[in-house]
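One letter stands for each residue in the lines below.
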Amino acid sequence: IRDTQATNNMILRPVEDILMFDGENIYQEDISMIAVELSTKMTYRDAKMEGELFTTMPSVRTINRRTIKYGKTMQEYNNQEIEGLSADIAIPDATKSHSQEKDRSKNDINVTLTVQNGKTVLLDTKVNKPWKETNAHLDKVQALAKNAAIIGDGDPEMNNALVTDEREFQMDLIHMPRATGYKLWEDSMMSFEERKQIMGKLKEIQYTLKNSVKKHVKDGDLNTLRRRVEMAVDAFKKIADDLQGAGCSKAARFINKFSNYCVTFARLAIDGREIPWNSNVVERLMGEISKRCKHKWMRWTTDGQEAILNIILIRYTSKEKYDKFKKRIIFHE
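All of the points below concern the structure found in this document. What you see is a predicted model; the values in this text were computed from it and never measured. (Residues numbered from 1 in each chain as written. Predicted model: local features only at pLDDT ≥ 70, side-chain atom pairs only at ≥ 80, totals over all residues. Heavy atoms only, no water.)

**Observations regarding the nonpolar core**
Moving on, step 1. Formed by 85 residues in total, the largest nonpolar core has its most connected members in Val 111, Leu 243 and Ile 289.
Moving on, step 2. When neighbours within four sequence positions are excluded, Leu 243 is seen to be in contact with Leu 184, Met 190, Ile 198, Cys 248, Ala 251, Ala 252 and Ile 255. (Core = buried A, V, L, I, M, F, W, Y, C linked by side-chain atoms within 4.5 Å. Buried < 20%, exposed > 50% of the residue type's maximum accessible area, 1.4 Å probe, protein only. Contact = heavy atoms within 4.5 Å.)

Right, dumping it as structure tokens:
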């Protein structure tokens, strides 16, 4: 609008007082966010094609750049949210994706969750970084209590990094018989049916203990529960001894190493502390990663993989938190 009353013929743009423009960027934050949200569910190229059904979309390269930018921003916002959380459990897991970088064929993806007040909370996402960096980050923001329980599989790097000082480790009860079955296969001393029988015995010990915890915590009979824990550990050791005698040394060593960690949830229940006995919550989350990131034709840089995972996983764990972060990005709050 030209101000005809002004001596210098000033031109006013009232729309700028109503709409917030992101500097001189052609594509403003709301359009970019639409493109990025589409890219979390489909390829960057398909996101552009799908978005152009209803508006003009940025180029594929621009969508990729905005995804990396927003992913890092959401990671920063999430770090602010979990600071001082002091969660009493952590549920970590790892997976891999195909790499686009010349010096590596696979990306190592490490994800850590917790559960607070019945809600899943994303604590950390790292790509191509050791578990020690995850632990250092969680310690820095005080996201985990000093005596937190770590629930997961038997990954030695993960356990050595996260299970420190007063922290306890609970092996996922689903993982124990499954991993033992693989070790028995490696030992090559038993038939498939024999391996199934051993796995069945392990499951019986575990689920008998799980039911005992539920029963005896409810009726307050903690002395009986203590005996049940001891019986379970002895039963694991007996199976390990029998396997060692049968020449199945790898399976025997595995059971001996992890049998005490299969009863952590029961020992803590005696002290009045309830923790999960499985890592199902993170297993379901790994399915979300697979849907978008693990198709055989997809290739990722480290930054691109980490960024899109932060967007996907924050949205998966908390739609409310994701919408808040998205609003902060769009309106620069």
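Still to come is the rest of the account.
**Some points on the pairing of strand β3 (residues 119-127)**
Moving on, step 1. Burial of β3 is extensive: 7 of the 9 residues sit out of reach of the surface.
Moving on, step 2. Pairing between strand β2 (residues 106-116) and β3: 8 bridges, direction antiparallel. Across the sheet, residue Thr 112 finds its bridge partner in β3, namely Asp 124.
Moving on, step 3. What sits between the antiparallel neighbours β2 and β3 is a turn of 2 residues, in which Asn 117 has the positive phi angle 55 degrees. (Helix = DSSP H or I, 4+ residues; strand = E, 2+ residues; numbered from the N terminus. Pairing = 2+ DSSP bridges.)

**Some thoughts on the pattern of salt bridges**
When charged atoms on two side chains of opposite charge get close, those side chains can pair.
Moving on, step 1. Under the definition given, this model contains 14 salt bridges.
Moving on, step 2. Between Glu 101 and Arg 104 there is a salt bridge, with the nearest N and O atoms lying 3.2 Å from each other.
Moving on, step 3. The class of Glu 101 is partly exposed, set by a relative accessible area of 24%.
Moving on, step 4. In this structure, Asp 139 engages Arg 167 in a salt bridge whose closest nitrogen and oxygen atoms are separated by 3.0 Å. Residue Asp 139 is found in helix α5 (residues 131-140), and its partner Arg 167 is found in the loop between α6 (156-162) and β5 (168-171); the two are separated by 28 residues along the sequence. (Salt bridge = Lys/Arg side-chain N within 4 Å of Asp/Glu carboxyl O.)

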